[in-house]
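Residue strings, one per chain:
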Amino acid sequence: MATTISEPGTRFSAEDLVHLNSLFENADPRAILQWGYKIFGCKMVLGTGFGPSGVFLIHHLAELNQPTPIFYLDTHLLFDKTHALKEELEERYDIDITAVPPSLGLDEQSAQYGPELWKRDPDKCCHLRKVLPLQQYLSDKKAWISGIRRSQGDARSRADIFEWDKKNNVMKINPLVHWSAEMVWDEIHKHNLPYNPLHDEGYPSIGCIPCTSKVGDGEPERAGRWKEMEKTECGIHLPEQQLHKNGDS
Ligand code: SF4
């Protein structure tokens, strides 16, 4: 297996990924995080939107005393309660979480593309405020960790623990891919971890303010994201072919 990585973007073969996924299929997320650190060091980063899965992974990194850099995509449209949770996590774990902003401020975006682009062309808005900044941030990295789970449905239902992220030319590692929302929440409560209070107000999944709504009883976890639209993903977790289908580039 190609486990020696000398240059950013060095690829793992499809066979390597199959082997890794079967090797770690039933592994504790901490074993996956440790393996990643052994291979990629601090060129492996954790991306989070501060949902319960991200909080749980941050907690694990702290438990392991693993200095993996942590970042979030600061679209300038996040809830105050999300920013407050970020600060609480930084204080609790004595860490700095890097904000990755888009190159365009909101006023600049409005001037170039018109006001409230998210209402008219949310794929373009996500591309400008999430996909491109992520691409830029990962350009000198070798791997990124995300908290996505198959149980979140749609494109995520086909995710693996180890994937090759073609858009960003890095390994993508999803240590909680086999976990349910209930399993993650059990850990949040068991370890008394902080979480976004909006979850208790009817928002199981939280992103940008204009594209996040409450969900009704029995609705899927991510039903409140881009409600009333066909869109279900911002694009950073979509494979290349689906990005094009979504009108993203
Ligand atoms: S989630 Fe909505 S507001 Fe945020 S970047 Fe995407 S379209 Fe724009």
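Bear in mind that the values here come from a model prediction, so they are computed numbers and not experimental data.

Enquirer: Break down the packing of aromatic side chains for me, citing the residues and quoting the values.
Expert: In the structure shown here, the tally under the stated rule is twelve aromatic pairs. Taken together, a centroid distance of 6.1 Å and an interplanar angle of 50 degrees make the contact between F12 and F40 tilted. Here the residue F12 occupies a position in the segment before α1 (14–23), and F40 occupies one in helix α2 (residues 29–40), the gap between them amounting to 28 residues. Judged by its relative accessible area of 3%, F12 is buried. Three or more aromatic residues link up through ring pairs in this structure, and these residues are F12, F24, W35, F40 and F162. Directly above the ring of Y137 sits K141, whose terminal nitrogen or CZ lies 4.0 Å from the centroid.

Enquirer: Break down the confidence of the model for the chain for me, with residues and values.
Expert: Averaged over all residues, the pLDDT of the chain equals 91, while 92% of them reach at least 70. pLDDT under 50 marks residues 2–8. Its contacts with residues more than four places away, or in other chains, come to 14 contacts. Note on residues 243–249: pLDDT under 50 across the span, and 16 contacts to partners over four residues away in sequence or across chains.

Enquirer: Kindly report on helix α3 (residues 52–64), identifying the contributing residues and their values.
Expert: A rise of 1.5 Å per residue sets the reference length of α3, with its 13 residues, at 18 Å; its end C-alpha atoms lie 18 Å apart and thus fit the reference within 8%. For α3, the full list of buried residues reads P52, S53, G54, V55, F56, L57, I58, H59, H60 and L61. At the C-terminal side of α3, N65 shows a positive phi close to 55 degrees.

Enquirer: Before we move on, can you summarise the pattern of salt bridges with the specific residues and values?
Expert: Enumeration over the complete set of coordinates arrives at twelve salt bridges. A salt bridge links K119 to E116, with the nearest nitrogen and oxygen atoms 3.1 Å apart. Exposure remark for K119: the relative accessible area of 55% places this residue in the exposed category. Across the salt bridge formed by K231 and D123, the nearest N and O atoms sit 2.7 Å from each other. One end of the pair, K231, is in the loop between α8 (181–190) and α9 (240–245); the other, D123, is in helix α7 (residues 122–137), and 108 residues separate them in sequence. What makes K231 buried here is its relative accessible area of 7%. Through salt bridges with shared partners, a single network forms among D28, R30 and E63.

Enquirer: If you had to explain empty space enclosed by the protein to someone new, which residues and values would you point to?
Expert: Under the definition given, this model contains one cavity of 30 Å³ or more. Taken as a whole, the largest cavity holds about 110 Å³ of empty space. In terms of lining, the largest cavity is formed by 15 residues, of which the most central are C126, K130, C208, C211 and W226. The element best represented in the lining of the largest cavity is α7, accounting for five residues. By residue class, the composition of the lining of the largest cavity is nine nonpolar, three polar and three charged.

Enquirer: Run through the sheet that holds strand β1 (residues 44–47), naming residues and quoting values.
Expert: The strand order across the open sheet formed by six strands is β3-β2-β1-β4-β6-β5, and the pairing between neighbours is mixed. Edge positions in the sheet fall to β3 (97–100) and β5 (162–165), since each of these pairs with one other strand and no more. On average, each strand axis in the sheet is tilted by 30 degrees relative to the strand beside it, whichever way the strands run. In this sheet, strand β6 (residues 170–173) lies alongside β5 in antiparallel orientation, the contact comprising four bridges. Counterpart to E163 in the pairing with β6 is K172. Running at roughly 140 degrees to β1, α3 makes contact with β1, β2 (70–73), β3 and β4 (143–145) of the sheet. Along the sheet, α7 contacts β1, β2, β3 and β4; its crossing angle with β2, the most-contacted strand, is approximately 155 degrees.

Rules behind the numbers
Residues numbered from 1 in each chain as written. Predicted model: local features only at pLDDT ≥ 70, side-chain atom pairs only at ≥ 80, totals over all residues. Heavy atoms only, no water. Phe/Tyr/Trp six-rings, centres within 6.5 Å; stacked < 30°, edge-to-face > 60°. Helix = DSSP H or I, 4+ residues; strand = E, 2+ residues; numbered from the N terminus. Buried < 20%, exposed > 50% of the residue type's maximum accessible area, 1.4 Å probe, protein only. Lys NZ or Arg CZ within 6 Å of the ring centre and 35° of its normal. pLDDT = per-residue confidence, 0-100. Contact = heavy atoms within 4.5 Å. Expected span 1.5 Å × (residues − 1). Salt bridge = Lys/Arg side-chain N within 4 Å of Asp/Glu carboxyl O. 1 Å grid on protein atoms, 1.4 Å probe; cavity = no way out; pocket = protein on both sides within 12 Å on 5 of 7 lines; lining within 4 Å. Points joined across faces, edges and corners; volume = space filled by probe spheres on them. Nonpolar A, V, L, I, M, F, W, Y, C, P; charged D, E, K, R; others polar. Pairing = 2+ DSSP bridges. Axes fitted to C-alpha atoms, helices over the stretch in contact; angles between N-to-C directions.

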